[in-house]
Amino acid sequence: ASVNGMVEAIRQQLAGGQSYVVVGLSMGGMIALQWAKNHPQEVQTVICINSSNAAFSAFYERLRPEKYLSIITALLQKPAKRELNIMKLVSNHPVQHQKLENWINYAQQFPTSPLNFVRQLWAASRFKMENAPNCKLLFITSEKDQLVNSKSQSAMARQWHAREIINQVDGHDIALDNPEWLCQTITRYLHNTD
């Protein structure tokens, strides 16, 4: 039920002695930042996509309040309906039926319990980091994110004087909406900062 706990769970699955480039979407960005802060020798670069931080934005300024009911409703639905509603929350594009089928199959293979979802939401709501970790930082922000207010990630980038790239079209899950653009953007950044 904490971002610190999630960091340690990930680290236990990896071989030690390496330095990583960590790309994190939403709460994954919070986990990446915490990892870099807790274990700076293990993280050389963090790329945050549509993340947020309670140090610079209140919870209601981060997760859009008008989406609370949709999130709770999705949590209580069967996998097919839940994944459709989640896709509508995180994407700004028409539903991609093949990707939706993949999401449904994945949700059935590896179900997330309602309790685990609540733990994740609780952990994300409490994530607070005043100072930037000591690594390279890039923030990729969806200006038209319908789930998380883009201003919350922009505030973090601004406070930490970090580079921010604005995506003006795609939704919260840029990797779903525009994977080619995202890969090209990350690749360009990594090649320009080596």
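Residues numbered from 1 in each chain as written. Predicted model: local features only at pLDDT ≥ 70, side-chain atom pairs only at ≥ 80, totals over all residues. Heavy atoms only, no water.

Q: Describe in detail the pairing of strand 3 (residues 136-142), supporting the description with residues and values.
A: Across a regular strand the side chains alternate sides, sitting on one face of the sheet and then on the other. Along strand 3, six of the seven residues are buried, which leaves the element largely enclosed by surrounding structure. The sheet contact formed by strand 2 (residues 43-49) and strand 3 spans five bridges and is parallel. Looking across to strand 3, one finds that I49 is bridged to I140. Sheet topology note: the strand 3/strand 4 (residues 163-167) ladder contains five bridges and is parallel. Residue pairing across strands places S142 opposite N167, the latter belonging to strand 4. Crossover strand 3 to strand 4 through helix 8 (residues 150-159) is right-handed. (Buried < 20%, exposed > 50% of the residue type's maximum accessible area, 1.4 Å probe, protein only. Helix = DSSP H or I, 4+ residues; strand = E, 2+ residues; numbered from the N terminus. Pairing = 2+ DSSP bridges. Right-handed = clockwise from strand over helix to strand, strands pointing away.)

Q: Break down the side chain of R82 for me, citing the residues and quoting the values.
A: Note on placement: R82 falls in helix 5 (residues 79-90). Accessibility expressed as a relative area gives 15% for R82, which makes it buried. Within polar-contact distance, the side chain of R82 engages the backbone oxygen of Q77 at 3.2 Å. Beyond its immediate chain neighbours, meaning those up to four positions away, R82 contacts A74, L75, Q77 and A107. (Polar contact = N/O pair within 3.5 Å; in protein donor to acceptor, adjacent residues only side chain to side chain. Contact = heavy atoms within 4.5 Å.)

Q: Provide a residue-level description of the nonpolar core, including the pertinent values.
A: By size, the foremost hydrophobic cluster in this structure holds 26 residues, and its most contacted members are L33, V46, L137, F139 and W160. Breaking this core down by element, the ones donating at least two residues are helix 1 (3-12), strand 1 (20-25), helix 2 (27-38), strand 2, helix 7 (114-126), strand 3 and helix 8. With residues near it in sequence (within four places) discarded, F139 still touches C48, Q153, M156, A157, W160, A162, R163, E164 and I165. In this structure, I71, M87, L89 and L176 belong to the second largest nonpolar core, which totals 10 residues. (Core = buried A, V, L, I, M, F, W, Y, C linked by side-chain atoms within 4.5 Å.)

Q: Residue-level account of the side chain of S52, with values.
A: Turning to its location among the elements, S52 is positioned in the loop between strand 2 and helix 3 (59-62). For S52, a relative accessible area of 4% corresponds to the buried category. If near-sequence neighbours (up to four positions away) are discounted, S52 is found in contact with M30, R62, F127, S152 and M156.

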